[in-house]
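What follows is each chain in one-letter form.
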Amino acid sequence: KWVLVSYVPDGCPVRARMLYATAGQDIKQRLGHSNFKADIHITNKDEFTRTKIFRDTAKDNGNLPLSEAERTLKEERVASYSTKKSAMGVVPFQLDDALKSALAAFA
């Protein structure tokens, strides 16, 4: 599982913040939402600490108590992710023979 860390300084223009947020969602969509353990949003470099990452990933990973309704929603979300094909297997362009050979040798 991956953690998507977004660093957008407080003084950043609103348009730039919006573009960055859209890019982050695009990354998650293309790589598969189910491959990401958490999103961490940071506005100050000092916030990027090991403690914050572990705290936020534990929170997003479901280590906090959930109500019955929250638990049901989480189970439904996980089930829907597992039934969808990950975007990792999709390549938006054709592979030439040299690249196919190189990939076969790599595997």
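Residues numbered from 1 in each chain as written. Predicted model: local features only at pLDDT ≥ 70, side-chain atom pairs only at ≥ 80, totals over all residues. Heavy atoms only, no water.

Draft legend 1. The arrangement of the overall build of the protein chain in detail. When its secondary structure is counted, the protein chain shows 4 helices and 2 strands. Each helix and strand of the protein chain, placed in order from N terminus to C terminus, yields the pattern β-α-β-α-α-α. The buried share of the protein chain, taken over its 107 residues, is 13%. For the protein chain, the proportion of contacts with a sequence separation of at least 24, taken over those separated by at least 6, is 59%. Surface exposure of the protein chain reaches about 8,500 Å², of which carbon and sulfur atoms provide 59%. (Helix = DSSP H or I, 4+ residues; strand = E, 2+ residues; numbered from the N terminus. Buried < 20%, exposed > 50% of the residue type's maximum accessible area, 1.4 Å probe, protein only. Contact = heavy atoms within 4.5 Å. Areas by Shrake-Rupley, 256 points an atom, 1.4 Å probe, with all protein chains shown as cover.)

Draft legend 2. Structural view of the pairing of strand 2 (residues 36–42). When you tally the buried positions in strand 2, you get 5 out of 7 residues, the bulk of the element. Inspection of the sheet shows strand 1 (residues 2–7) paired to strand 2 by 6 bridges, in the parallel sense. For S6, the partnering residue across the bridge sits in strand 2 and is H41. In terms of handedness, the path from strand 1 via helix 1 (residues 14–31) over to strand 2 forms a crossover that is right-handed. (Pairing = 2+ DSSP bridges. Right-handed = clockwise from strand over helix to strand, strands pointing away.)

Draft legend 3. Molecular detail of the side chain of K28. Tracing the sequence through the fold places K28 in helix 1. In contact with K28, not counting residues within four places along its chain, are L4, H33, F36 and D39.

Draft legend 4. The arrangement of helix 1 in detail. An ideal rise of 1.5 Å per residue puts 26 Å on 18 residues; helix 1 measures up with 26 Å between its terminal C-alpha atoms. A positive phi of about 100° marks G32, the residue just after helix 1. (Expected span 1.5 Å × (residues − 1).)

Draft legend 5. Quick look at the pattern of salt bridges. In the structure shown here, the tally under the stated rule is 2 salt bridges. In this structure, R30 and D26 form a salt bridge, with 3.1 Å as the shortest nitrogen-oxygen distance. In this pair, R30 and D26 are both assigned in helix 1, 4 residues apart and thus about one turn of the helix distant. A relative accessible area of 54% places R30 in the exposed class. Taking relative accessible area as the criterion, D26 reaches 31% and is therefore assigned partly exposed. Across the salt bridge formed by K28 and D39, the nearest N and O atoms sit 3.1 Å from each other. Highlighted residues: K28 in helix 1 and D39 in strand 2, separated in sequence by 11 residues. Here the two residues K28 and D39 agree in accessibility, since each one is buried. (Salt bridge = Lys/Arg side-chain N within 4 Å of Asp/Glu carboxyl O.)

Draft legend 6. Region of the structure containing the packing of aromatic side chains. Applying the stated criterion across every chain, the model contains 1 aromatic pair. Their ring planes at 75° and their centres at 5.4 Å tell us that W2 and F36 sit as a pair that is edge-to-face. With a gap of 34 residues between them, W2 in strand 1 and F36 in strand 2 connect regions that are remote in the sequence. (Phe/Tyr/Trp six-rings, centres within 6.5 Å; stacked < 30°, edge-to-face > 60°.)

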